[in-house]
Amino acid sequence: MSGSAAGVAAGTEAASATAAATASTHQSGLLTGVVLAAVSALAVAGLFAWAVKQLLAPSLTRAGTGLAAWLADHLAVLRSSSLRRIRRYQRSAAGYAREHTLGFGTEPVNVRDVYVPLHREAAEGGDREDLYELIRGSRRTVVTGEAGAGKSMLLKHSLMKWTEGRATRRSVVPVVVELRRLNALDAAGIDLTEQVIAFLETHRFRGAAGFARKALQDGRLSVLFDGLDEVTSDRLDRVVDLLRDFAQRYDGCQVVVTCRASLYRGELDFGAVVRVAELDDATIRRLLARWPGLDDAAQERLYLALGTNGTLKRLARSPLMLSMMAWLTAARITLPASRAEFYDTAIEHLVKRDDVLKRGRSQFPASKKLAVLRGLALLLQDRAGGDGDRLSIAHDEALAYIRSVATAIDLDDKDGEELLRELAERTELLVATGGVAPRYSFRHLTFQEYLAAVELRDDREGLLERYDRDPNAWRETVILWCGKADRDTVPLIKELMKRGSVGEQVLALECAAAATKVDEATVTAVVDLLIPSLSAVSRSVRAQVSVAFGNAMAGSGPRSARIRGRLMEMARAAGASAGGKKTVSRGALVKALALSGHGSVAEFLAGLAATDASARSALRSMGDLAIPSLADRAAEGHADALDDIVAIGTPAALGAVIGRLEDSGSTARRAAWHLGCLLSDSAFAVAVEARGRPVRKAKGREWIWQPFSLDEAMIATVALIAEHIEESLVAEHLGESEPDDIPDRLGALDFRLVLALSLGTDVPATWSRGRGRALIESLALVAAVDWEPEPAVAADFRNFMFEEVGWSQRQRRMVDSLSWSDQARLMNALAGGAQRSQWKRATFGKGGRWARSALAQIAVAAIAVCGVALFVEAGVVVNGASYVPVWLAWAGLAEIATAIAVIGASTLTGRFSVIVTRKASSVPILNTKRSLLPSRGGTVIAAAVTIGQVLLLEAFVRRWIGWSLAALIGILFFGYCAYAASCLVRILNPARKAIEESGATTASSSIIPDP
């Protein structure tokens, strides 16, 4: 028993010891598991940080910056009720600004789709000037131009640009006031401030009255008054006085007024009077390219038709007429040859299109609808000079008129309502506004003027009587009447000539140019009478007279030829007396000749251009017609002729410049510098496609454009451009350069070309470390947010760059042509070790984005693999499982620990620079802070850790699925990793990064000033 008891006791003690050991082992295992779990979490966090840094950091930085800006913006909106009101106004006004009615087509056009930048008419002998910068810099501006010159769309486009931005409490708020609306008000009760308030209220601005009055006093409104010429004569003087008082009372606000050039007489005494220039050939091409529904073939057909018909080309200089041509071409309608015929064709198409397109037969024939439209147009025009609104008619008045003529056009009185509805809904020539009690107006004033002219085609005396009553309102109608009337227009023209004023003499010449029937003696008399006014003191008068002569000389018939011959003879004599009255300058004569757009004039001006600056400017303004003569002079080595071809800017012009690349010497080099600024221009691409691959080859430079294009002609052309620019740089180094190698006025070279030509530059050691590297990286950060330094800071930076590298003067010109931001990116790329070999491996565009996506996927997969491997290893060490040998599990854990130690040390020692802008001085200050992300050295460690953990998992997977399948999975995984690594080389390529971040700085196309 005692032995048995002793045995039991011993067993109990052994069991207790075993239990204690087991408990101790369990506790130890639990502690180890906790530690390993913590290690696993840290490892996974480290790998995640690596993935974020290498793959997602740029995107997250942009997203974070955007989110921070969004949060700050919305917090500002929440804190400021006035900002909330401005933002609500922005959203509402955007719809108004985006749509513009041209007077034809099924619906208003989208301003964003069809708008092309406008220019200011140049001074005599000068170049076309930027329109927007001048208006933005002036508090008081009158914008003039002919009918359809784009004045109203200019205001709408500027408002649209403002609505697309992010307004702040300090932003200047634009308001558009359509002055034609004043015609419906009592003249004595017109208040322009109330019109500003009404526009704000219409577009959901709460508390508009209080805000408007305070903002006007504070100078925070930009008030855009559209259409002074559309105000009826009985209240025009009153409105002009109100505009003057408004501008004086609110002298801190920007005030812009638009008016037809022929009707503005300087009544407002504003500081700046800007006349919108006619469209040049390059702008015509751009508008056609943007026109919806007009394919490439149709664009080319229309442009070629304009080039072979001087009258059509003259008409196409007007945005309205060019838009009408594009619309008619898209509808497959043959283009007419005169302005009156254009309106006739457009109106007839609108009236008949339902029947033609089989969209439901009209209840009334087109002839009856046209008769009613002509009568309504005359009814509205007859209100000019009275106290009525000549731009709209009430529903009851329109219906009463239709019923009054119903018998004459064989209609019943009961048909009046249905006919009026069909005119508004089907023809869309009339626009109904006002809901229950609508008012009707023509889609564009010129349609009303044309239809009124047709209605008066047999009543010359009645037309003159109406013109005398209100010349401003009836001027265009008189011209259109002469173009449409089948009778002799000589009595009307002679009557206008007798009246003595230059305005009516100009009208007489325009009538003679438009007339179907007029004798030679009358044309000669009006030309002799008006020639002296080409040198009038007033710039606006000179412009009107020049345009009138241009219209008169545009035709291909003998009448236009005689006028051209007369002015050419005078220009050749250069200063001959004009009828014994006064001397007319050659500059005035050649400008008028150039406006004709006739080929014979281009040949004539080419003979004068070599010795006369005004003739050269006039020839350049003729666009594609000037290219043959300019190309001949450029081939002879005249640098100014090459510059003029580039200034024309059309595909045909750039094609001629590309042709000069086949040469050698200064002309070819100058052409290359010009074309280097145009590589992103659509006209350049069209020109390259038309010319094909150059005959001359630039060996060894095709690599420059291969990442950006698959077109062999484009690659070869850019290579040739690069070769000539390099020749220019080498020639300077050897002291063999010529002054004509580089244009005096050079645009911004394409960033990609500059970077490619800069690869291989010996970068100073100071750029790669220390203060120099910190400076360059900091400037790159500044460039990323489009921060523009003060001129002194920028100059110091450029001097630092150029002195350190030792670039030549021409290399400095090349870099100086870039924007400030692109200069910083260039330096950062070179300091980062951008090389030609990296350029070849770079993949730009969609391929690069796909590579980033692939890397992001592999990073997530690597994190998951490492996480699973760590838990497997922990299980092996703690529980002694036989998934893999214990020593191998410990090796994996040791690998993780080493990686954490190395990455942690790298993180603690890593630094990065940020820019802090001091508000008082706006001078950048460099701050050094600790980085929270691992450096590049940690990337290699993290990659090694991932590979090791994958190998460990392979050992585990083999036990369950066998060698063959495990090997296949491993091969696929490592193959994907290898592809991702090759993508990483492209993504981390400093050349690629610089190019992706670069962007040309474009001039603003808005007239709204900055706050």
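Quick note: structure is the one above.
Remember, it's a predicted structure, so these values are computed and weren't measured experimentally.

Trainee: Help me understand the overall build of the protein, please; the structure alone is not making it clear to me.
Mentor: Looking only at helices and strands, the protein features 45 helices and 16 strands. Taking all 1011 residues of the protein together, 52% fall into the buried category. At a minimum sequence separation of 6, the contacts of the protein that also span at least 24 residues come to 72%. Put simply, the protein shows about 45,200 Å² of open surface, and 55% of that area lies on carbon and sulfur atoms.

Trainee: What's the story with a negative patch on the surface in this structure? I'm lost.
Mentor: Together, Asp 295, Asp 296, Glu 689 and Asp 711 make up a region of like negative charge exposed at the surface. The topology assignment puts Glu 689 in helix α32 (residues 682-691). A residue is classified by how much of its surface remains accessible, and Glu 689, at 64% relative accessible area, is exposed.

Trainee: In this structure, what is going on with the packing of aromatic side chains? I would like to understand it.
Mentor: Each aromatic ring pair is characterised by the separation of its centres together with the angle its planes make. Scanning all chains against the criterion turns up 10 aromatic pairs. When the centroid spacing of 5.9 Å and the interplanar angle of 55 degrees are considered together, the rings of Tyr 89 and Trp 162 count as tilted. Linking Tyr 89 in helix α2 (residues 81-98) with Trp 162 in helix α5 (residues 151-164), this pair joins segments that are 73 residues apart in sequence. Summarising the aromatic geometry, the rings of Tyr 89 and Phe 205 are spaced 5.8 Å apart at their centres and angled 65 degrees between planes, so their arrangement reads as edge-to-face. Of this pair, Tyr 89 sits in helix α2 while Phe 205 sits in the loop between α6 (192-202) and α7 (208-218), and the two are 116 residues apart along the sequence. The exposure class assigned to Phe 205 is buried, which follows from its relative accessible area of 3%.

Trainee: Got a minute to help me understand α5 in this structure?
Mentor: At 3.6 residues per turn, the α-helix brings residues three or four places apart onto the same side. End to end, α5 covers 20 Å across 14 residues, agreeing with the expected 20 Å (1.5 Å per residue, within 8%). Inspection of α5 places Lys 151, Met 153, Leu 154, Leu 155, Lys 156, His 157, Ser 158, Leu 159, Met 160, Trp 162 and Thr 163 among the buried residues, and these make up the whole buried set.

Trainee: What am I meant to see in the sheet that holds strand β10 (residues 393-394) here?
Mentor: Paired through their backbone hydrogen bonds, the strands of a sheet run either parallel or antiparallel. Across the sheet, three strands lie side by side as β10-β12-β11; this open sheet has antiparallel pairing. Of all strands in the sheet, those with a lone pairing partner are β10 and β11 (430-433), marking the two edges. Examined bridge by bridge, β10 and strand β12 (residues 439-442) share two bridges and lie antiparallel to one another. In the sheet register, Ala 394 faces β12, and the bridge partner there is Arg 439.

Trainee: Which parts of the structure should I look at to understand the side chain of Ser 614?
Mentor: Tracing the sequence through the fold places Ser 614 in helix α27 (residues 613-620). Within the structure, Ser 614 has its side chain in polar contact with the side chain of Asp 612 (distance 2.3 Å).

Trainee: Whenever I open this one, the side chain of Ser 560 confuses me. Can you help?
Mentor: Of note, Ser 560 is situated in helix α24 (residues 558-573). A polar contact is formed between the side chain of Ser 560 and the backbone nitrogen of Gly 555, at a distance of 3.2 Å. When sequence neighbours within four positions are dropped, the list of residues in contact with Ser 560 reads Ala 552, Met 553, Ala 554 and Gly 555.

Trainee: How should I be thinking about the pairing of strand β5 (residues 140-145) in this particular structure?
Mentor: As a general feature of sheets, a regular strand has side chains that alternate between the two faces. Of all six residues that make up β5, six are buried, and the element is covered over most of its length. Residues Arg 140, Val 142 and Thr 144 line one face of β5 and the alternating positions Thr 141, Val 143 and Gly 145 line the opposite face, and both faces are buried. Relative to strand β8 (residues 254-260), β5 runs parallel, the two being bridged by six bridges. What sits directly across from Thr 141, in β8, is Val 256.

Trainee: Which parts of the structure should I look at to understand the nonpolar core?
Mentor: Generally speaking, soluble globular proteins have nonpolar side chains that are buried together. Among the nonpolar cores identified, the biggest contains 247 residues, and Leu 221, Phe 225, Leu 228, Phe 549 and Leu 567 are the most heavily contacted of them. Of all the elements, helix α33 (residues 712-733) adds the most residues to this core, at 10 residues. Once residues lying within four places of it in the same chain are set aside, the contact partners of Leu 567 are Ile 531, Leu 534, Phe 549, Met 553, Leu 589, Ala 592 and Leu 593.

Trainee: Sorry, what's going on with helix α28 (residues 627-635) here?
Mentor: Every buried residue of α28 is accounted for by Ile 627, Ser 629, Leu 630, Ala 631, Arg 633 and Ala 634. Of the surrounding secondary structure, the elements contacted by the buried residues of α28 are α26 (599-609), α27, α29 (639-648), α30 (651-659) and α31 (666-676).

Trainee: In this structure, what is going on with the sheet that holds strand β9 (residues 272-275)? I would like to understand it.
Mentor: In space, the five strands of this open sheet follow the order β6-β7-β8-β5-β9, with parallel pairing throughout. Only two strands of the sheet have a single neighbouring strand rather than two, namely β6 (173-178) and β9. Neighbour-to-neighbour, the strand axes of the sheet open up by a mean angle of 20 degrees, direction not taken into account. Sitting on the sheet, helix α8 (residues 233-249) touches β5, β7 (221-226) and β8, and the angle it makes with β7 is about 170 degrees.

Definitions and cut-offs
- Residues numbered from 1 in each chain as written.
- Predicted model: local features only at pLDDT ≥ 70, side-chain atom pairs only at ≥ 80, totals over all residues.
- Heavy atoms only, no water.
- Helix = DSSP H or I, 4+ residues; strand = E, 2+ residues; numbered from the N terminus.
- Buried < 20%, exposed > 50% of the residue type's maximum accessible area, 1.4 Å probe, protein only.
- Contact = heavy atoms within 4.5 Å.
- Areas by Shrake-Rupley, 256 points an atom, 1.4 Å probe, with all protein chains shown as cover.
- Patch = residues over 30% accessible without salt bridge, like charges linked within 9 Å, V, L, I, M, F, W, Y side chains within 5 Å.
- Salt bridge = Lys/Arg side-chain N within 4 Å of Asp/Glu carboxyl O.
- Lys, Arg positive; Asp, Glu negative; His and termini not counted.
- Charge placed at Lys NZ, Arg CZ, Asp CG, Glu CD.
- Phe/Tyr/Trp six-rings, centres within 6.5 Å; stacked < 30°, edge-to-face > 60°.
- Expected span 1.5 Å × (residues − 1).
- Pairing = 2+ DSSP bridges.
- Polar contact = N/O pair within 3.5 Å; in protein donor to acceptor, adjacent residues only side chain to side chain.
- Core = buried A, V, L, I, M, F, W, Y, C linked by side-chain atoms within 4.5 Å.
- Axes fitted to C-alpha atoms, helices over the stretch in contact; angles between N-to-C directions.

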